Amino acid sequence: MNRKLILILAVAAAGVLIAAVYSGGWLHRDSALQGSGTVEARDTRVGSKIGGRIDKVLVREGDHVTPGQVLITFDDKELIASLQQSRAAAEKAERGSRPEEIAEARAAAAQAKAEYEQRVNGYRKEDIAAAQADLDRARADENRAHLDFQRYDALAKKDLVSKQQRDTAEAAWRIAVATVQNAQQKLDQLQSGYRPEEIASMQARYQQAQATLDKLAHGNRREDVDAAKAALSYDEARFRERQVVSPSAAIVEVLDVRPGDLVAPNTPIATLLEQDQIYVRIYIPETEIGRVKVGQKAEVRVDSFPKKVFDGEIEQINQQAEFLPRNVQTREERVHQVFGVKVRINDPSGQILAGMAADIKLKAAN
């Protein structure tokens, strides 16, 4: 009985001693904030602004790619032709026209001027006189043909010539009449001169030819040179879009295209997971958020590497509280309000992959 009493007293004394130690602050529990979540990676969807027919697919899903690595190329024949044309136009605008081009433009302007002046001054007197002579000759021929027809018509009525001869004479007379009419129209046209719309058309042609000559002789305006350079820059930018490149070190997650596929402009054709942008989102109770700040260090552990601790750092703290998401398990009641905290993981070796479960332990803030 005494032994039992002594044992009870010893246990009670030990309990009191332990309580005193904890209440006195001699021993402390680990008070570091902890959380769990799933590793996520920031993804980037890449494509081409111009699209087109795919020529080559140089990577596969799951491949690790480096910044600037070419993933996909497009058929670039049309782009090359357009770029060469723009480059030639920009060079020509910058240096101006060649002497032979200026000489050619000067000859064209002189010819257009002569034709315009000829329209304004009307037909030459020689042309009108020649047309009058043609009309007189046609009238004489018509008069002779008419007399022949009348004679053959009278003879045919007396059966002295055949009906065929009479018809031939009549046809010749009618042809002569038509010739007179054509000659008269030509003479009338020469005497009345050119129509106003013809003169206006030749004037516009002459002015255009002269403007072209002036432009070539004086060189291109500054704004024309700038416009040619802008067109070249535009085509150079389009030419660069013939390739889809990786913007950073990443893993190809989705790539579902083949050579020959037609892709519309601005269409994402590959999804990349950035290797240096993996993170875990944990939730800190509202009562503890004061112990958390951006830049605070953290320890990260994953089940796949239980003996290894990865470095982490708080990158973002949500500015608005929320109720704890249902898919996150903690000891606190779910009705408590929490703040989302994004912890970026530093894993140069690439061992941690998106989808892994991770435990986070925040280090004390400085």
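The model shown is predicted, which means the values in this text are computed figures rather than measured ones. (Residues numbered from 1 in each chain as written. Predicted model: local features only at pLDDT ≥ 70, side-chain atom pairs only at ≥ 80, totals over all residues. Heavy atoms only, no water.)

Digging into the pairing of strand 2 (residues 52-57)
Part 1 of the reasoning: Alignment of strand 2 against strand 7 (residues 262-263), held across two bridges, turns out to be antiparallel. Across the sheet, residue glycine 52 finds its bridge partner in strand 7, namely valine 263. (Pairing = 2+ DSSP bridges. Helix = DSSP H or I, 4+ residues; strand = E, 2+ residues; numbered from the N terminus.)

Some details on the pattern of salt bridges
Part 1 of the reasoning: Taken as a whole and judged by the stated rule, the model has 20 salt bridges.
Part 2 of the reasoning: Residue lysine 157 is joined to aspartate 153 by a salt bridge in which the shortest nitrogen-to-oxygen separation is 3.7 Å. Pair noted here: lysine 157 and aspartate 153 are both in helix 4 (residues 125-157), with a separation of four residues, about one helical turn.
Part 3 of the reasoning: Classification of lysine 157 as exposed rests on a relative accessible area of 67%.
Part 4 of the reasoning: Here aspartate 153 falls in the buried class, since its relative accessible area comes to 19%.
Part 5 of the reasoning: The partner of arginine 166 in a salt bridge is glutamate 170, with the nearest N and O atoms 2.8 Å apart. (Salt bridge = Lys/Arg side-chain N within 4 Å of Asp/Glu carboxyl O. Buried < 20%, exposed > 50% of the residue type's maximum accessible area, 1.4 Å probe, protein only.)

Here's the deal with the sheet that holds strand 4 (residues 70-74)
Part 1 of the reasoning: Strand order in the open sheet made by the four strands is 5-4-2-7, with antiparallel pairing throughout. With one partner strand each, in any of the chains shown, strand 5 (243-245) and strand 7 form the two edges of the open sheet.
Part 2 of the reasoning: For strand 2 and strand 4, the ladder comprises three bridges, and the chain directions are antiparallel. Bridge pairing links lysine 56 to threonine 73 in strand 4.

With respect to helix 7 (residues 222-240)
Part 1 of the reasoning: Taking 1.5 Å as the rise per residue, helix 7 with 19 residues should run 27 Å; its terminal C-alpha atoms sit 27 Å apart, in good agreement.
Part 2 of the reasoning: When helix 7 is considered as a whole, its buried residues turn out to be Val225, Ala228, Leu232, Asp235 and Phe239. Looking down the long axis of helix 7, one finds its buried residues gathered within 90 degrees of arc, a one-sided arrangement. Structural note: helix 7 exposes Tyr234 and Arg240 on the side pointing more than 90 degrees away from its buried face.
Part 3 of the reasoning: Tucked inside the fold, the buried residues of helix 7 contact helix 2 (77-95). (Expected span 1.5 Å × (residues − 1). Arc of directions from axis to C-beta. Contact = heavy atoms within 4.5 Å.)

No statement about biological role is implied by the geometric values presented.
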